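Here is how the chains run, residue by residue.
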Amino acid sequence: MEKAIGRIPENILEDILNKTDIVSLISGYIPLKRAGRNFRANCPFHHEKTPSFMVSSDKQIYHCFGCSAGGNAFNFLMQYERLDFPEAVELLAEKAGVALPRRVDQKNSDFTSQLFKVNESAALFYEGNLHSSLGRNPRQYLINRGIKQETAKLLKLGYASDGWDNLMSNLRGKGINLSLIEKCGLILSKQEGGYYDRFRSRIIFPIFDIKSRILAFGARVMDNTLPKYINSPETPVYVKGKNLYGLHLSREAIAHADFAVVVEGYLDFIIPYQEGLHNIVASLGTSLTTDQARLIRRYTSNVVMVYDSDTAGEMATIRSLDIFIDEGMNVKVVSLPKGFDPDSFIRKYGVEDFKSKITLAENLFDYKLRILKSSCSLNDTEGKAKICSMMLPTINRFKNAILKSEYLKKLAHELKVDENALSEEINKIKGDSAYLGINQEDNQKDKVMINVHPTEKLLIKLMLEEVNLISRIKEELDPQDFQDERTVKIISLMFDLATEGKNVEINSLVNCLSNEAASKIVCESMFLPEVPVEDKEKVIDDCIRRMKSKKKILKREHLQQAIKTAQSCGDEIKLRSLMEEFHCLIKRGG
């Protein structure tokens, strides 16, 4: 059986999971403590004081009784690392040493591959220009900006020469059709018909993903012409807010140093990296997004932000800081002297002075409070209230109660206001979903969704623990006897797998279920208390009896409601039919 997403054969998925220890995997992200046969921790997917996140070594699954998150190793990586299913499979396969077959569903994959090939061809064209006679002035520009030749080659820097269709003609000469070139954002259509190159007379900065594939391009003028930068539009392979410039080079250094330096633009990355500061990435000239923060979190939970020290840069930094708190990350901020960015600072003072600035980075609280104090008056009540209105939501985002308490004390001291008043104000926003983070909202919704009758969950657990029970229960119950539509899908799948003579075990079941909530129900069922062997037969008989009884009760209630409706509508024919059906049900013991 194959999972719909990714079309990866079930036997390959089973092989990966068999070679993966979920306890070792999850303990690499959060600390686990043994609790009997299982392991327990505070859930990484929602805020909680009492640990309710359980990991089973025996069954190789996890489940949180607080927010209903649950699944196998694939599910954990997908939820924690924000990966899609094929990415999670690829990552675990690499760790487990399992070779993945070429994907069966190639239509979308082939299209994506074609776009990457077009981008690669465009990058080679631009790079060739830079190192040809056309690139004499651009090469001198890069030298003047402090960029060495080996750095330019490492990053495949290029040059788009003056001309309306130089790139287009080159790619067309290689047999690449206009539609693909346009899909990559490399050309623009004319009103009167035809196309022209997007980038002209500019230095080209290819943008790579973490697999070193070229996603898009940035282009910079060599004079004071505006706009200074033109960037690729979003395409089927490029979403600006989901990528970080330079991460393909720096991810190992980030993991080794256990912190990432985050800067804003291409040159702000290039110069520090060239001078030996390798644990650095750039946010592609935008305020940092949640997706970018999560991308960094794959390698470290610690970030040092270095953005422009002008007012706009400081406010952009302030707006992006809370993203890191929501993602459970530690963030500090470097303030460079006015008029400097990382590029210009290093070229004037050197990389060691820059590293010293990083060492002295302010924590998030101090930085944000300092910036707000410089823009709001502390001499009047309104100014203090404004600062509080911007600081309290940030403080409230911290999961650690001690940190919250200490920051409230510090804020009260700095503003000379009553700490109890601040506590009252922060209590007003505790229930506001805007300050809980998206994970909290999603998981609370899932918690409501997963409410399933205990009898149904117990039967799922028993059948998964003893596969021979499936045929017995199948003789007594039909999938439609189960009241929850997700358990109907689970039971139907178990019956089908058993009929086909295939293994019915929890990881296979989770992999086959496309409904995420259904997968969580399976995992929650497996963490129900163990049924003693001597009581198992009686428990099974009792569950079957309860299911049948519940079905009769629901049928009777449905008929009674239908009879009332027919009476109120004056439908005598329908009423007689329903009454006859109701009496027959009563005679049969319903």
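Rules behind the numbers
- Residues numbered from 1 in each chain as written.
- Predicted model: local features only at pLDDT ≥ 70, side-chain atom pairs only at ≥ 80, totals over all residues.
- Heavy atoms only, no water.
- Helix = DSSP H or I, 4+ residues; strand = E, 2+ residues; numbered from the N terminus.
- Buried < 20%, exposed > 50% of the residue type's maximum accessible area, 1.4 Å probe, protein only.
- Contact = heavy atoms within 4.5 Å.
- Areas by Shrake-Rupley, 256 points an atom, 1.4 Å probe, with all protein chains shown as cover.
- Pairing = 2+ DSSP bridges.
- Axes fitted to C-alpha atoms, helices over the stretch in contact; angles between N-to-C directions.
- Parallel < 35°, antiparallel > 145°, perpendicular 65-115°, else oblique.
- Left-handed = near helix turned anticlockwise from the far one by under 90°.
- Nonpolar A, V, L, I, M, F, W, Y, C, P; charged D, E, K, R; others polar.
- Phe/Tyr/Trp six-rings, centres within 6.5 Å; stacked < 30°, edge-to-face > 60°.
- Expected span 1.5 Å × (residues − 1).
- Polar contact = N/O pair within 3.5 Å; in protein donor to acceptor, adjacent residues only side chain to side chain.

1. Some remarks on the overall build of the protein chain
Counting its regular elements, the protein chain contains 27 helices and 16 strands. For the protein chain, buried positions account for 49% of its 590 residues. For the protein chain, long-range pairs separated by at least 24 residues make up 64% of all intrachain contacts whose partners lie at least 6 apart in sequence. Just so you have it, the protein chain exposes about 29000 Å², and 49% of that area is on carbon and sulfur atoms.

2. What about the pairing of strand S3 (residues 53–56)?
Residues Phe53 and Val55 line one face of S3 and the alternating positions Met54 and Ser56 line the opposite face, and both faces are buried. Pairing geometry for strand S2 (residues 38–41) and S3, over four bridges, is antiparallel. Residue pairing in the sheet places Asn38 in a bridge with Ser56 of S3. With antiparallel pairing between neighbouring strands as the criterion, S3 and strand S4 (residues 61–64) make up a hairpin whose turn holds four residues, including Gln60 at a positive phi of roughly 60°.

3. What to know about the sheet that holds strand S6 (residues 158–160)
If you trace the four strands from one edge of the open sheet to the other, you get S6-S9-S10-S11, paired in antiparallel fashion. Across the chains shown, the open sheet's two edge strands, defined by having one partner strand only, are S6 and strand S11 (229–231). Across this sheet, the average inter-strand angle for adjacent strands is 35°, counted without regard to direction. The pairing of S6 with strand S9 (residues 202–208) spans three bridges and is classified as antiparallel. Bridge assignment links Ala160 to a residue of S9, and that residue is Arg202.

4. Some thoughts on the packing of helix H21 (residues 454–465) against helix H23 (residues 485–499)
Relative orientation of the contacting elements H21 and H23 amounts to 20°, with a least axis distance of 11 Å. Judged by the angle between their axes, H21 and H23 are roughly parallel. Classified by chirality, the crossing of H23 by H21 is left-handed. Seen from H21, the contacting residues are Glu456, Ile460, Met463 and Leu464; seen from H23, they are Thr487, Ile490, Ile491, Met494 and Phe495. Of the residues assigned to the contact of H21 with H23, the class counts are seven nonpolar, one polar and one charged.

5. Overview of the packing of aromatic side chains
Counted under the stated rule, the structure contains 26 aromatic pairs. Judged by centre distance (5.6 Å) and plane angle (75°), the ring pair of Phe74 and Phe85 falls under edge-to-face. Pair noted here: Phe74 is in helix H3 (residues 73–81) and Phe85 is in helix H4 (residues 85–96), with a separation of eleven residues, a long-range link. In this pair, the class of Phe74 matches that of Phe85, namely buried. An aromatic cluster of at least three residues, connected via ring pairs, comprises Tyr29, Phe45, Phe53, Tyr62, Phe76 and Tyr80.

6. So, helix H16 (residues 364–375)
For H16, with twelve residues, the first-to-last C-alpha span of 17 Å sits near the 16 Å given by 1.5 Å per residue. Residues of H16 that are buried include every one of Leu364, Phe365, Tyr367, Lys368, Leu369, Ile371 and Leu372, and no others. The N-capping residue of H16, defined by a side-chain oxygen 3.1 Å from the backbone nitrogen of Phe365, is Asn363.

None of the figures reported here should be taken as evidence of function without further support.
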